[in-house]
Amino acid sequence: MDLNSASTVVLQVLTQATSQDTAVLKPAEEQLKQWETQPGFYSVLLNIFTNHTLDINVRWLAVLYFKNGIDRYWRRVAPHALSEEEKSTLRAGLITNFNEPVNQIATQIAVLIAKVARLDCPRQWPELIPTLIESVKVQDDLRQHRALLTFYHVTKTLASKRLAADRKLFYDLASGIYNFACSLWNHHTDTFLQHVSSVSEAAVLSSLERTLLSLKVLRKLTVNGFVEPHKNMEVMGFLHGIFDRLKQFLECSRNIGTDNVCRDRLEKTIILFTKVLLDFLDQHPFSFTPLIQRSLEFSVSYVFTEVGEGVTFERFIVQCMNLIKMIVKNYAYKPSKNFEDSSPETLEAHKIKMAFFTYPTLTEICRRLVSHYFLLTEEELTMWEEDPEGFTVEETGGDSWKYSLRPCTEVLFIDIFHEYNQTLTPVLLEMMQTLQGPTNVEDMNALLIKDAVYNAVGLAAYELFDSVDFDQWFKNQLLPELQVIHNRYKPLRRRVIWLIGQWISVKFKSDLRPMLYEAICNLLQDQDLVVRIETATTLKLTVDDFEFRTDQFLPYLETMFTLLFQLLQQVTECDTKMHVLHVLSCVIERVNIQIRPYVGCLVQYLPLLWKQSEEHNMLRCAILTTLIHLVQYGLYCGNQHRQLVTLENSPCVTPELLRIFQNMSPLLELSSENLRTCFKIINGYIFLSSTEFLQTYAVGLCQSFCELLKEITTEGQVQVLKVVENALKVNPVLGPQMFQPILPCVFRGIIEGERYPVVMSTYLGVMGRVLLQNTSFFSSLLNEMAHKFNQEMDQLLGNMIEMWVDRMDNITQPERRKLSALALLSLLPSDNSVIQDKFCGIINISVEGLHDVMTEDPETGTYKDCMLMSHLEEPKVTEDEEPPTEQDKRKKMLALKDPVHTVSLQQFIYEKLKAQQELLGEQGFQSLMETVDTEIVTQLQEFLQGF
């Protein structure tokens, strides 16, 4: 593609591609897609998006096409890969000028530079880091900021690579630039602190942006750049300095308004400081030991004393609590029961913790958590009044405990109380003792204090087992509280019924249950919706408990079921309806056929609710769950729903059961959440009788899957592929034949580097099964794909192996990781030059697999594959556990035939390497081994000791 003549044409088509008119847009997109593989196209795009005189939307689109092209065509093994000459020109052009005026485009350029760096830095792009370092030193504000933005994205990307050789490269990079990164951060930090109260808001914001970006770089270098960071004085100096910097920044918040951009950036910077500490603690707990004392002192002073008044904010408090929690709960800091068996590092950390958490400190933390952080706030009480269902969802679900204040405080309380229960139990008992008897309804503060203390008693139920006579407390204190009907008492009614739910499975005499059922019936008629919803939750916990007795419950069944059904009709939020449906399902399951007289209204209502929940997939799943329970007891008809409960318990397939599957087609057209149920049925059939099922239905099923894969979500794609994976696992011969139309899509996804990690992981799981268990089919598939890609089979195989090695980090399940190692090792021994060229990658994956599956026998000091299973390993079922279903047994028998659970990876590697050595001879084999990183070879030798 000639740059001069092509630029005008490409610019015109890009302009058309930004049109809102589909008649103009679609042809333009098609044309751009055709150009993606044309030499010179990305050079034209570079010229367009770096031309600041052009329309922003056109430049934005050019950047996106360039970025997507990196994913698809930058690797030298990719089909239609860019030439090395063009890539060299593009790399040089990308870092010529850091002067992009538009923030959004600047960010995209930084990201695409990082993508190239992931593939080419430092070997093919050694000048990148030096250029960035020089560029962040310039005085021009715009250039400095853009270079710093790129520096961050490059560092972030390189830090994310996980192969041993890549990690070593990042360690070398970190040690080489850490001092500069620290100096850069200190410079921008000092500049901000000087500007904060004396110059314009724009100047403050500018210096703060640079402080934030340089700190982001330091975070990645500090956490991911060193094997033993505690031995590096610069790293530890930076970490120790964080606390003083945090104090300075918190004080700055007094001088910055509460509602502007500077305030937002300041808070983000403060939070980033805490993230550095949290990440470092998570990745390097023993290197963090010198920071334990300072971290605890800092966090406790700002969160639990007056020091934090006027400067702290919610997210910061949450982060400090997370830091305390991670230190308290860190297993690296917990000595063995026999202290002598603990490492010196563990004992040192434990000693620091014990010295800090004295009785006065623990008491103050406990009292402050309960009396301050557990109190319902004005905002929460307002929400209770204005949006009761929203309040309930926020209380029971809401954000992760890591990010939301209330759940975070509760988790911290639980962890500290568990760790120091002997010290804190008397403190909490004393707080309980002061709250005996009824509370004046006019004293709202006293009501809220009691609510907070009851919350603590519920959270600490398991720790208080021997210290509280809950049965007496229930009769003498809690039941009378439930009978106070004043409107201001509703927080306590709701808290008390919640509290009882927490103690049900801990300590609650069976004889008292009728009294509780009576109270539940009354509360399900309470005027307050929140109280009723909480009561439904406690009812579920009660009937779920192993001491539940149907005979005690039956006298209240009709009333409760009627009231629950009324609640289901009254609530409007999807989450609340789901919750009430789950309670109903639980009741139906426990009382069995005795529910029959009362479910007519529910059976009539569910179809209506199904129609109303068209856009709420999770609610539809809850409806299906309820239907399953109704089907189990003969209360609702429908072949599809009956399948859900019969497959798992069928000892063998019958013609009738096989015939029922023909009704699956309409269900496959439902939304993705309901597809889960369909996939569960399909998997059940595959496990039950794969040969008959696949021979009967695989052709039609495969057609449906091919249609689904075009339009469903990423999660839906994974569900489809898991069905294929199961079919290959259960039936390695028939499975690939039956799902043959889908496998080219899988192969193409691997070769082109599927962008979604979970999809790529499943692709590799499917292909691993084919490669390991059906070599002849894999060869025919490889031949077919070579024709489609117009490549040699060996070249395509090499491309696949290279991508497999590069994307191994996408696979998180240990079984799939071992499968990958076994599959790629199955290509050995080989005298094929392409396979030998990829030998290093195959060994890398194999050693990673060994790290995943090998456990050391402490007595012999030898390693064994922990995934191996035998017929002798029959799990014992306790009285509290459900006995295994027929499908559970089938899965166990399948596992006993699965190479992942029957082949020792250690043995397999040894045999394959030995065969390769015999094929090539000693000298040829040694030459091959020299292509592998020495650190990997050392680890491999350790694992193979004794062979």
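Everything discussed here concerns the structure shown above.
Residues numbered from 1 in each chain as written. Predicted model: local features only at pLDDT ≥ 70, side-chain atom pairs only at ≥ 80, totals over all residues. Heavy atoms only, no water.

> Could you clarify how one ought to interpret a negative patch on the surface in this entry?
A grouping of Glu386, Asp387, Glu573 and Asp575 is seen on the molecular surface, where their side chains present a negatively charged patch. A residue is classified by how much of its surface remains accessible, and glutamate 573, at 39% relative accessible area, is partly exposed. (Patch = residues over 30% accessible without salt bridge, like charges linked within 9 Å, V, L, I, M, F, W, Y side chains within 5 Å. Areas by Shrake-Rupley, 256 points an atom, 1.4 Å probe, with all protein chains shown as cover. Salt bridge = Lys/Arg side-chain N within 4 Å of Asp/Glu carboxyl O. Lys, Arg positive; Asp, Glu negative; His and termini not counted. Charge placed at Lys NZ, Arg CZ, Asp CG, Glu CD. Buried < 20%, exposed > 50% of the residue type's maximum accessible area, 1.4 Å probe, protein only.)

> Teacher, can you tell me more about the environment of threonine 423 here?
Looking at the element boundaries, threonine 423 is found in helix 20 (residues 421–433). A relative accessible area of 25% places threonine 423 in the partly exposed class. For the pair threonine 423 and leucine 868, spaced 445 residues apart in sequence, the C-alpha to C-alpha distance is 45 Å. Ignoring any residue separated from it by four or fewer positions in sequence, one finds threonine 423 in contact with Tyr359 and Leu362. (Helix = DSSP H or I, 4+ residues; strand = E, 2+ residues; numbered from the N terminus. Contact = heavy atoms within 4.5 Å.)

> Hey, could you run me through the side chain of glutamine 791 in this one?
Position of glutamine 791 relative to the elements: it lies in the loop between helix 38 (775–789) and helix 39 (793–806). Given a relative accessible area of 14%, glutamine 791 falls into the buried group. A distance of 3.2 Å separates polar atoms of two side chains, one belonging to glutamine 791 and the other to asparagine 799. Ignoring anything within four residues of it in the chain, the contact list for glutamine 791 reads Pro79, Ala786, Leu796 and Asn799. (Polar contact = N/O pair within 3.5 Å; in protein donor to acceptor, adjacent residues only side chain to side chain.)

> Explain unusual backbone geometry to me, please; I cannot follow it from the model alone.
Note on backbone geometry: most residues besides glycine have negative phi, and most peptide bonds are trans. Following cysteine 121, the chain continues to proline 122 via a peptide bond in cis, the omega torsion being 5°. Its location among the elements puts proline 122 in the loop between helix 6 (103–120) and helix 7 (128–135). Omega for the peptide link from leucine 828 to proline 829 comes to -5°, which places this bond in the cis form. Among the secondary structure elements, proline 829 is positioned in the loop between helix 40 (814–825) and helix 41 (833–837). Within the chain, histidine 80 stands out as a residue other than glycine whose phi angle is a positive 60°. For histidine 80, the position within the fold is in the loop between helix 4 (56–73) and helix 5 (84–94). On the basis of relative accessibility, which here comes to 53%, the residue histidine 80 falls in the exposed class. Look at asparagine 790: it is not a glycine, yet its phi comes out positive at around 60°.

> Can you help me understand the packing of helix 12 (residues 261–283) against helix 14 (residues 314–329) in this one?
To characterise two packed helices, one gives the angle between the axes of the helices and the distance between these axes. Between helix 12 and helix 14, the shortest axis-to-axis distance is 10 Å and the interhelical angle comes to 15°. The angle between the axes of helix 12 and helix 14 places the two elements in the roughly parallel class. The way helix 12 lies across helix 14 gives a crossing that is left-handed. Counted together, Ile270, Ile271, Thr274, Lys275, Leu277, Leu278, Leu281 and Asp282 of helix 12 and Arg315, Phe316, Gln319, Asn322, Leu323, Met326 and Ile327 of helix 14 form the full contact between these two elements. Residues of the contact of helix 12 with helix 14, tallied by class, amount to nine nonpolar, three polar and three charged. (Axes fitted to C-alpha atoms, helices over the stretch in contact; angles between N-to-C directions. Parallel < 35°, antiparallel > 145°, perpendicular 65-115°, else oblique. Left-handed = near helix turned anticlockwise from the far one by under 90°. Nonpolar A, V, L, I, M, F, W, Y, C, P; charged D, E, K, R; others polar.)

> Would you mind showing me how to read the packing of aromatic side chains here?
Given two aromatic rings, their pairing is described by the distance between the two centres and the angle made by the two planes. By the definition in use, this model includes 34 aromatic pairs. With a centroid separation of 6.5 Å and an interplanar angle of 45°, the aromatic rings of phenylalanine 280 and phenylalanine 288 are classed as tilted. You'll find phenylalanine 280 and phenylalanine 288 in the same group, each marked buried. An aromatic cluster is defined as three or more aromatic residues linked by ring pairs; in this entry it consists of Tyr454, Phe470, Trp473, Phe474, Trp503 and Phe508. Positioned above the aromatic ring of tryptophan 498 is the side chain of arginine 495, whose terminal nitrogen or guanidinium carbon lies 4.8 Å from the ring centre. (Phe/Tyr/Trp six-rings, centres within 6.5 Å; stacked < 30°, edge-to-face > 60°. Lys NZ or Arg CZ within 6 Å of the ring centre and 35° of its normal.)

> Got a minute to help me understand the packing of helix 13 (residues 292–304) against helix 16 (residues 359–373) in this structure?
Helix 16 packs onto helix 13 with a crossing angle of 35° between their chain directions and a minimal axis gap of 11 Å. Viewed along their axes, helix 13 and helix 16 form a crossing whose handedness is left-handed. Residue-level contacts link Val300, Val303 and Phe304 of helix 13 to Glu364, Ile365, Arg368, Leu369 and Tyr373 of helix 16. Partitioning the contact of helix 13 with helix 16 into residue classes produces six nonpolar, no polar and two charged.

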